[in-house]
Amino acid sequence: MNDNFPRGTICIEDLEIGMTRHLRKQVTDRDIELFAEVSTDRNPVHLDESYAQDTIFEGRIAHGMLTAGLISAVIGEQLPGHGTIYMGQSLKFMAPVRPGDVVLAEVTVLTIDYAKRRVTLDCRCSVGNTTVLKGEATVLAPSRKFD
């Protein structure tokens, strides 16, 4: 399940404070398995239901960085989009994401430094009415001057 804005680029010259973009994705067992394979993070809380039942989560959860990756997707594909370079990211994990959950990843422009092409973005992920991740990103935005 995806509910995404079109992919592309919003150059820094066209960015405005308060601009928002999002994507919505259902996290599947396959997503978790693929993330474990690529990251080499095979913590059984993500992969083994019987193990995970005995944890504070009482069941399997997705990797936190898989959820954070959805923020990266919004930044790299939508806001500012193609050509954006990550400079920094703070994250706070608020609640677990479970297989089958639909995550809404949202990014909002907080500040713009046009001279340095730096943009600060508010980043949030939620499942229903529950915030599961929040943070801030600093990126180098693409510019028409360099196209």
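Note: the structure precedes this text.
Before going into details, it helps to say that this report is about the structure given with it. Not measured: the values here are computed from a predicted model.

Let us now look at a nonpolar patch on the surface. Among the surface-exposed residues, Met-65, Leu-91 and Phe-93 lie close enough to one another that they form a single nonpolar patch of about 270 Å² accessible area. Looking at the element boundaries, Met-65 is found in helix 4 (residues 64-77).

Burial in helix 1 (residues 29-39) covers these residues: Asp-31, Ile-32 and Ala-36. For helix 1, the angular spread of buried residues about the axis comes to 135 degrees, placing them on one side. When the buried face of helix 1 is taken as reference, the exposed residues oriented beyond 90 degrees from it are Arg-30, Glu-37 and Val-38. Tucked into the core, helix 1 has its buried residues touching strand 1 (20-26), helix 2 (44-47) and helix 4. Among the residues trailing helix 1, Thr-40 stands out with phi positive, at a value near 65 degrees.

Turning our eyes to something else, we now look at the nonpolar core. One finds Leu-15, Ile-71, Ile-75, Val-109, Val-119 and Leu-121 to be the most contacted residues of the largest nonpolar core, which totals 31 residues. Mapped by element, the contributors of at least two residues to this core are helix 4, strand 3 (102-113), strand 4 (118-127) and strand 5 (130-140). Of the residues forming this core, the biggest block, six residues, is contributed by helix 4. Here Val-119 is in contact with Ile-12, Leu-15, Val-109, Thr-111, Ala-137, Thr-138, Val-139 and Ala-141, once residues within four sequence places are set aside.

Relative to the helices and strands, Ser-143 resides in the segment after strand 5. Side-chain polar atoms of Ser-143 contact the side chain of Glu-13, separated by 2.5 Å. When sequence neighbours within four positions are dropped, the list of residues in contact with Ser-143 reads Cys-11, Ile-12, Glu-13 and Arg-117.

So, on to the environment of Asn-43. Mapping Asn-43 onto the fold places it in the loop between helix 1 and helix 2. The exposure class assigned to Asn-43 is partly exposed, which follows from its relative accessible area of 33%. Separated by 47 residues in sequence, Asn-43 and Ser-90 place their C-alpha atoms 23 Å apart.

The rules behind these values
Residues numbered from 1 in each chain as written. Predicted model: local features only at pLDDT ≥ 70, side-chain atom pairs only at ≥ 80, totals over all residues. Heavy atoms only, no water. Patch = residues over 30% accessible without salt bridge, like charges linked within 9 Å, V, L, I, M, F, W, Y side chains within 5 Å. Areas by Shrake-Rupley, 256 points an atom, 1.4 Å probe, with all protein chains shown as cover. Salt bridge = Lys/Arg side-chain N within 4 Å of Asp/Glu carboxyl O. Helix = DSSP H or I, 4+ residues; strand = E, 2+ residues; numbered from the N terminus. Buried < 20%, exposed > 50% of the residue type's maximum accessible area, 1.4 Å probe, protein only. Arc of directions from axis to C-beta. Contact = heavy atoms within 4.5 Å. Core = buried A, V, L, I, M, F, W, Y, C linked by side-chain atoms within 4.5 Å. Polar contact = N/O pair within 3.5 Å; in protein donor to acceptor, adjacent residues only side chain to side chain.

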